[in-house]
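# Examining the three-dimensional arrangement
Each chain is listed here by its residues.
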Amino acid sequence: MADDKLPMLAEGYDMLTTELQRLKVERPQIIDAIEEARAHGDLSENAEYHAAKERQGQIEAMIADIEDKLSRAQLIDPKTLSGDKVVFGATVHLLDEDDKAVTYQIVGQTEANAKGGKISYNSPLGRALIGRKKDDEVEVTVPSGDRYYVISGIEFI
């Protein structure tokens, strides 16, 4: 699994890179906080020390996770794609069962933001859309029940 490529758009890659830089700036600040808390004496009852150590562990885990994702990143530019099927990076126009138009871009897990119109290719709807064509009917089972959509268009923007 660790060798699996992780598809993502350039903006998702940039977002991870920015977060990694922020965490690496925070890292020495936490070390300083640990040293300062250690100077307060008895570590067994030192809440500041324990909180700083816990935050240090969180930061190190987050840094390792982001570095892993960046090392496995497979950048995909939707503008270079074409075709008549829904693939990673495609912007899909849908009509729901009430003929209400909704639009989603199929993105990586780190970039997903349903309210922002970006859904993960691993989400129930993302998985249901991949490989489908315009005018296909799509049924998705979500926690709130079954949802039905018709693909009204596919763009690569």
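Up top you'll find the structure we're talking about.
Below or above, wherever it landed, is the structure these notes cover. (Residues numbered from 1 in each chain as written. Predicted model: local features only at pLDDT ≥ 70, side-chain atom pairs only at ≥ 80, totals over all residues. Heavy atoms only, no water.)

The helix and strand tally for the protein chain stands at three helices and seven strands. Secondary structure elements of the protein chain, listed N to C terminal, follow the sequence β-α-α-β-β-β-β-α-β-β. The C-alpha atoms of the protein chain give 22 Å as radius of gyration, which overshoots the globular expectation for 157 residues (15 Å, by more than 25%). Across its three principal directions, the C-alpha atoms of the protein chain cover 70 × 35 × 25 Å. Within the protein chain, buried positions represent 34% of all 157 residues. When contacts within the protein chain are restricted to residue pairs at least 6 apart in sequence, long-range pairs at least 24 apart make up 54% of them. Element-wise, carbon and sulfur atoms account for 51% of the exposed surface of the protein chain, whose accessible area totals about 9,600 Å². The average position of the 19 basic charges and that of the 30 acidic charges among the side chains of the protein chain differ by 4 Å. (Helix = DSSP H or I, 4+ residues; strand = E, 2+ residues; numbered from the N terminus. Rg over C-alpha atoms; globule rule 2.2 N^0.38 Å. Buried < 20%, exposed > 50% of the residue type's maximum accessible area, 1.4 Å probe, protein only. Contact = heavy atoms within 4.5 Å. Areas by Shrake-Rupley, 256 points an atom, 1.4 Å probe, with all protein chains shown as cover. Lys, Arg positive; Asp, Glu negative; His and termini not counted. Charge placed at Lys NZ, Arg CZ, Asp CG, Glu CD.)

Here we take up the packing of aromatic side chains. Where two aromatic rings form a pair, the distance of their centres and the angle of their planes describe that pair. Under the counting rule described, the total for this entry stands at one aromatic pair. Judged by centre distance (5.7 Å) and plane angle (70°), the rings of F88 and Y121 are edge-to-face. Of this pair, F88 sits in the loop between β2 (73-75) and β3 (91-96) while Y121 sits in the loop between β5 (118-120) and α3 (124-129); the two residues are 33 residues apart in sequence, bridging distant segments of the chain. Overall, the relative accessible area of 11% leaves F88 in the buried class. The class for Y121 is partly exposed, based on a relative accessible area of 21%. (Phe/Tyr/Trp six-rings, centres within 6.5 Å; stacked < 30°, edge-to-face > 60°.)

In summary, the side chains of a regular strand alternate between the two faces of the sheet. Relative to strand β7 (residues 145-155), β3 runs antiparallel, the two being bridged by six bridges. Looking at β7, one finds that T91 is bridged to E155. Pairing geometry for strand β6 (residues 137-142) and β7, over six bridges, is antiparallel. Bridged to V138 within β7 is Y149. Between β6 and β7, which pair antiparallel in sequence order, lie two residues. (Pairing = 2+ DSSP bridges.)

It is worth spelling out helix α1 (residues 10-38) at this point. Over its 29 residues, α1 extends 42 Å from the first C-alpha to the last, a length consistent with the 42 Å expected when each residue adds 1.5 Å. Along α1, the residues classified as buried are G12, L16, L20, L23, E26, I30, I34 and A37. (Expected span 1.5 Å × (residues − 1).)

So, about the sheet that holds β7. Pairing is mixed in the open sheet, where five strands are placed in the order β5-β4-β3-β7-β6. Two strands lie at the open edges of the sheet, namely β5 and β6, each paired on one side alone. Across the sheet, the axes of successive neighbouring strands diverge by a mean angle of 45°, strand direction being ignored. With five bridges connecting them, β3 and strand β4 (residues 101-107) associate as antiparallel partners. Opposite L94, over in β4, you have V102 as the bridge partner. (Axes fitted to C-alpha atoms, helices over the stretch in contact; angles between N-to-C directions.)

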